[in-house]
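# Reading the structure
Next come the chains, spelled out residue by residue.
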Amino acid sequence: MGTFVLRSQNWDLKTAHMSLIKYDVCRRTYHMWYDAIRSAAEPIYAPRPGATEEDDGVILAPVFNTATNSTELVVWDARDMSVVAVYASPNVPITVHGLWFERD
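The rules we used
- Residues numbered from 1 in each chain as written.
- Predicted model: local features only at pLDDT ≥ 70, side-chain atom pairs only at ≥ 80, totals over all residues.
- Heavy atoms only, no water.
- Salt bridge = Lys/Arg side-chain N within 4 Å of Asp/Glu carboxyl O.
- Helix = DSSP H or I, 4+ residues; strand = E, 2+ residues; numbered from the N terminus.
- Buried < 20%, exposed > 50% of the residue type's maximum accessible area, 1.4 Å probe, protein only.
- Phe/Tyr/Trp six-rings, centres within 6.5 Å; stacked < 30°, edge-to-face > 60°.

This next bit is on the pattern of salt bridges. Counting across every chain of the model gives six salt bridges. Between Asp55 and Lys22 there is a salt bridge, with the nearest N and O atoms lying 2.6 Å from each other. Of the two residues, Asp55 sits in the loop between β5 (44-47) and β6 (57-65) while Lys22 sits in strand β2 (residues 18-24), which places them 33 residues apart along the sequence. Comparing Asp55 with Lys22, the two get one shared label, buried. With a shortest N-O distance of 3.2 Å, Arg79 and Asp56 are connected by a salt bridge. Linking Arg79 in the loop between β7 (70-77) and β8 (83-88) with Asp56 in the loop between β5 and β6, this pair joins segments that are 23 residues apart in sequence. Judged by relative accessible area, which is 8%, Asp56 ranks as buried.

What follows is the structure, given as structure tokens:
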């Protein structure tokens, strides 16, 4: 069973960076995403349609890019935390909160 958490890399608000960690509570292993110029916000999990494994899907989170002073939507593969896509979203604030709802 896995869980996803944010971890502060630095407490200075001007340079605060939040890494994203997938922690497997059964195996006590983890995968971590960290970028020195980006800071992740609240992540959400979206399962792949028809998924049978608990981490068969993607993680989405707004990420603040300090180099461009803008927010991006980053998509990670939930299995290994590799980046699948990065979308520029200049009109989305870093403080956005989200939920994932599957269609019936």
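All chains considered together, the criterion is met by one aromatic pair. Centroid distance Trp33 to Trp76: 5.2 Å. Interplanar angle 70°. Geometry classified as edge-to-face. Here Trp33, found in strand β3 (residues 29-33), pairs with Trp76, found in strand β7; they are 43 residues apart in sequence, far enough to count as distant. Each member of the pair, Trp33 together with Trp76, is buried.

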